[in-house]
Amino acid sequence: MAAIILDGKALAQQMEGELALRVKAINDKSHGNTPILATILVGEDPASATYVRMKGNACQRVGMESLRIVLPQTTTTDELLSEIDKLNANPSVQGILLQHPVPAQIDERRCFDRINVEKDVDGVTVLGFGKMAMGESAYGSATPAGIMRLLQHYKISLAGKHAVVVGRSPILGKPIAMMLLNAHATVTICHSKTQGLSEIIGLADIVVGAVGKPEFIKGTWIKEGAVVVDAGYHPGSVGDIELSAVIDRCSAYTPVPGGVGPMTIATLIAQTVEAAEKNK
Ligand code: NAP
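Thresholds applied
- Residues numbered from 1 in each chain as written.
- Predicted model: local features only at pLDDT ≥ 70, side-chain atom pairs only at ≥ 80, totals over all residues.
- Heavy atoms only, no water.
- Helix = DSSP H or I, 4+ residues; strand = E, 2+ residues; numbered from the N terminus.
- Buried < 20%, exposed > 50% of the residue type's maximum accessible area, 1.4 Å probe, protein only.
- Lys, Arg positive; Asp, Glu negative; His and termini not counted.
- Salt bridge = Lys/Arg side-chain N within 4 Å of Asp/Glu carboxyl O.
- Polar contact = N/O pair within 3.5 Å; in protein donor to acceptor, adjacent residues only side chain to side chain.
- Contact = heavy atoms within 4.5 Å.
- Phe/Tyr/Trp six-rings, centres within 6.5 Å; stacked < 30°, edge-to-face > 60°.
- Lys NZ or Arg CZ within 6 Å of the ring centre and 35° of its normal.
- Near = heavy atom within 4 Å.
- Areas by Shrake-Rupley, 256 points an atom, 1.4 Å probe, with all protein chains shown as cover.
- Nonpolar A, V, L, I, M, F, W, Y, C, P; charged D, E, K, R; others polar.
- Pairing = 2+ DSSP bridges.

## Details of unusual backbone geometry
Here comes step 1: Residue H100 is joined to P101 through a cis peptide bond whose omega torsion reads 0 degrees.
Here comes step 2: Secondary-structure assignment places P101 in the loop between strand 4 (93–98) and helix 4 (108–114).
Here comes step 3: A cis amide bond, omega 0 degrees, links V256 with the succeeding residue P257.
Here comes step 4: Mapped onto the elements, P257 comes out in the loop between strand 9 (252–253) and helix 9 (260–279).
Here comes step 5: Even without being a glycine, K155 presents a positive backbone phi close to 55 degrees.

Written out as structure tokens, the structure is:
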């Protein structure tokens, strides 16, 4: 049987249509107080600038506003903290996105954690992570939360399944592992010191590639019928998993591009709309 394509692009478009209606309802109720997502870009990393622009464009498509804060490469931790304080105190701003990574001289963790948890629509704070992990209400980290929405949309069953997550970053590997665990999967987290990686991946019903290295996870390592989720995106339209070698044998997969990427943005916007609905 042909594998199901977990079409993040199509689902994100559908979500945007629904979100536009919710934004309109907020506007009507609040007499034109359009929800605002504040984005903070520090430095000149071209990929980060592109991601922030894409997020701003998505705001526009659903009728929301984005407030763009652009800070120089030389910004200090204190300067960034003071920008975040201003946005925390601004009642018109419903969500705050601090684009990762920030320049090396900045204490990124301290800055993430300065974001008011009610405005942490990108799910980057320690408090938000802890609440999510404990099953309490919190905005999940946008990329893993987007992956979970995609899996739920396609009714991929998770309970009792063995999920192997490759990567343990604060924004992706760790939170997706906790989300899968909360959905009753049995979860193994792998990282750069893991031994016997290919054998562990071979046991997985669900493989999540969050490594940051093009086609690092080989298709032959993945067992027949597994669900393949690839968070990576590299030049040549390849992800962290060698998809071409597994497409014929897996039961479902996220395409690259058009799988996880669009879901990240749609989830960020959805969480901002949710924050705005709570405020009105
Ligand atoms: P990251 O912070 O660089 O983390 C990479 C993880 O992979 C680390 O935990 C690292 O282990 C692990 N790793 C590295 N080499 C390994 C190896 N040889 N064997 C096993 N594990 C290894 O990356 P990230 O921010 O989580 O991103 C991961 C991927 O997702 C990237 O391709 C990124 O572009 C993509 N991404 C996509 C989106 C989206 O919206 N589509 C958003 C964010 C990220 P250690 O902890 O031991 O170093």
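## A word on the side chain of D120
Here comes step 1: Structurally, D120 is set in the loop between helix 4 and helix 5 (126–133).
Here comes step 2: The side chain of D120 sits in the buried core without any salt bridge; R109 is the nearest counter-charge, 7.5 Å away.
Here comes step 3: Here the side chain of D120 touches T125 through a polar contact of 2.7 Å, side chain to side chain.
Here comes step 4: Setting aside its immediate chain neighbours within four residues, D120 contacts I115, T125, G128 and Y139.

## Here we look at the packing of aromatic side chains
Here comes step 1: Tallied over the full model, the rule gives 1 aromatic pair.
Here comes step 2: Note on F216 and W221: the rings are 6.3 Å apart at their centroids and 90 degrees apart in plane angle, and the pair reads as edge-to-face.
Here comes step 3: F216 sits in the partly exposed class, given a relative accessible area of 30%.
Here comes step 4: Overall, W221 belongs to the partly exposed group, its relative accessible area being 24%.
Here comes step 5: Here K213 stacks its cationic end above the ring of F216, 5.6 Å away from the centre of that ring.

## Remarks on the site of the ligand
Here comes step 1: In the vicinity of the ligand lie 22 residues, with R168, S169, H191, S192 and T264 positioned nearest.
Here comes step 2: At a separation of 3.5 Å, an oxygen atom of the ligand approaches a polar backbone atom of V211.
Here comes step 3: Here an oxygen atom of the ligand and a side-chain polar atom of T264 are 2.8 Å apart.
Here comes step 4: Relative to its free-state accessible area of 920 Å², the ligand is covered by the protein chains to the extent of 71%.
Here comes step 5: Of all the elements, helix 9 adds the most residues to the shell around the ligand, at 3 residues.
Here comes step 6: Here the shell around the ligand is built from residues that sort into 9 nonpolar, 10 polar and 3 charged.

## Quick word on the sheet that holds strand 5 (residues 162–166)
Strands pair in a sheet through their backbones, by hydrogen bonds, and they do so in one of two ways: parallel or antiparallel.
Here comes step 1: The strand order across the open sheet built from 6 strands is 1-9-8-7-5-6, with neighbouring strands paired in parallel fashion. Because the sheet does not close on itself, it has two edges, and the strands there are strand 1 (4–5) and strand 6 (186–190).
Here comes step 2: Inspection of the sheet shows strand 7 (residues 206–209) paired to strand 8 (residues 227–230) by 4 bridges, in the parallel sense. Across the sheet, the residue bridging to G209 is D230, located in strand 8.

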